Amino acid sequence: MTLRNHGYLQTIAAIAIFVTGIAVGALATQHVSALNKFGQPKTVVHVVAYKFKDTTSLNDQQQAIEGIKDMAGKIPGIKNIWLKTERNQIRDFSGVYVIEFTSAEAAADYAESPLHDVWRKKWEQLRENSLSFQVSN
């Protein structure tokens with residue numbers, strides 16, 4: 001093999017390594033950027049932290065939370081609900097629930113719904129306190 005052919009082989013090998021590095025880097029970058037993607041939906045999230053009265057039975061507590069599920073099936077514009085409290089940092093509060101609405105209008109319609117009014121009256125008799133927030137983008 002001549003010195004000239006040896007130089008060509010080294011150049012081809014270097015180019016092959018370079019191209020392989022670019023391909024591997026591009027794949028790794030796609031994976032990392034996919035992990036960092038997030039959205040900012042236009043839905044409205046209604047978050048409520050609540051504390052039941054000490055006199056509220058477990059059955060009444062369960063029925064009140066089930067009432068949220070019942071409303072979600074009947075009031076238009078409710079997209080998702082979360083009823084199981086995973087973590088609650090508000091000392092002495094019983095739990096948290098979340099209702100996601102498709103829009104601000106749907107949240108307003110829920111607040112004025114006769115079904116919500118009936119549930120709310122029962123809910124207020126069972127709870128000692130609650131804190132509510134509505135969040136959107």
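Owing to the predicted nature of the structure, the values given are computational and were not obtained by experimental measurement. Per-chain numbering applies: the sequence of each chain, read as written, is numbered from 1 onward. Predicted model: local features are reported for residues with pLDDT of at least 70 only, side-chain atom pairs are reported and counted for 80 or more only, and whole-chain, interface and lining totals are derived from all residues. Side-chain measures were taken over the full set of non-hydrogen atoms in the model, leaving aside hydrogen atoms and water.

### Quick look at the packing of aromatic side chains
And step 1. Two aromatic rings, drawn from Phe, Tyr or Trp (for Trp, its six-membered ring), form a pair once their centres lie within 6.5 Å of each other, and the interplanar angle then sorts them: stacked below 30 degrees, edge-to-face above 60, tilted otherwise. Per the counting criterion, the structure on display carries 8 aromatic pairs.
And step 2. Considering the side-chain rings of Trp119 and Trp123, the 5.0 Å spacing of their centres and the 20° angle between planes classify their relative orientation as stacked. Remark: Trp123 and Trp119 occur in helix 4 (residues 114-126); sequence separation between them is 4 residues, near one turn of the helix. Each member of the pair, Trp119 as well as Trp123, carries the same accessibility label: buried.
And step 3. Here the aromatic residues Tyr50, Phe52, Tyr97, Trp119 and Trp123 are joined through ring pairs into a cluster of three or more. Here a helix means four or more residues in a row that DSSP labels H or I, a strand means two or more in a row labelled E, and each is numbered from the N terminus. Each residue is placed in one exposure class: buried if its accessible area under a 1.4 Å probe, protein chains only, is under 20% of its type's maximum, exposed if it is over 50%, and partly exposed if it falls in between.

### Topic: the sheet that holds strand 1 (residues 44-52)
Backbone hydrogen bonds hold the strands of a sheet together, and the pairing may be parallel or antiparallel.
And step 1. For two strands to be treated as a pair, DSSP must find no fewer than two bridges joining them. The 4 strands are arranged 2-3-1-4 in an open sheet whose pairing can be described as antiparallel. The open sheet has two free edges, formed respectively by strand 2 (78-82) and strand 4 (127-135), since each of these has just one partner strand. For this sheet, the mean inter-axis angle between neighbouring strands, taken without regard to orientation, is 15°.
And step 2. Packed onto the sheet, helix 2 (residues 58-74) meets strand 1, strand 2 and strand 3 (95-101) and runs at close to 160° relative to strand 2.
And step 3. The sheet strands contacting helix 3 (residues 104-112) are strand 1, strand 2, strand 3 and strand 4, and the helix crosses strand 3 at an angle near 120°. Axis definition: a line fitted to C-alpha atoms, over the contacting stretch in the case of helices. Angles run 0 to 180 degrees between N-to-C directions. Any pair of residues with heavy atoms lying within 4.5 Å of one another is described as a contacting pair.

### Remarks on helix 4
Note on helix geometry: an α-helix contains 3.6 residues per turn, so any two residues three or four positions apart are oriented the same way.
And step 1. To estimate the expected span of a helix, subtract one from its residue number and multiply by 1.5 Å. Counted at 1.5 Å a residue, the expected span for helix 4 with its 13 residues is 18 Å, and the 19 Å between its end C-alpha atoms agrees.
And step 2. Within helix 4, the full set of buried residues consists of His116, Trp119, Trp123 and Leu126. Buried residues in helix 4, looked at end-on, bunch into an arc of 80°, giving them a common side. Pointing more than 90 degrees away from the buried face of helix 4 are the exposed residues Pro114 and Gln125.
And step 3. At its buried positions, helix 4 is contacted by strand 1, helix 2, strand 3, helix 3 and strand 4.
And step 4. Contacts described as polar in this section are N or O atom pairs within 3.5 Å, which, within protein, must combine one atom able to donate a hydrogen with one able to accept it, while residues neighboring in sequence count only if both atoms come from side chains. Measuring from the side-chain oxygen of the N-cap residue of helix 4 to the backbone nitrogen of Leu115 gives 3.1 Å; that N-cap residue is Ser113. Along the arc lie the directions from the helix axis toward the C-beta atoms.

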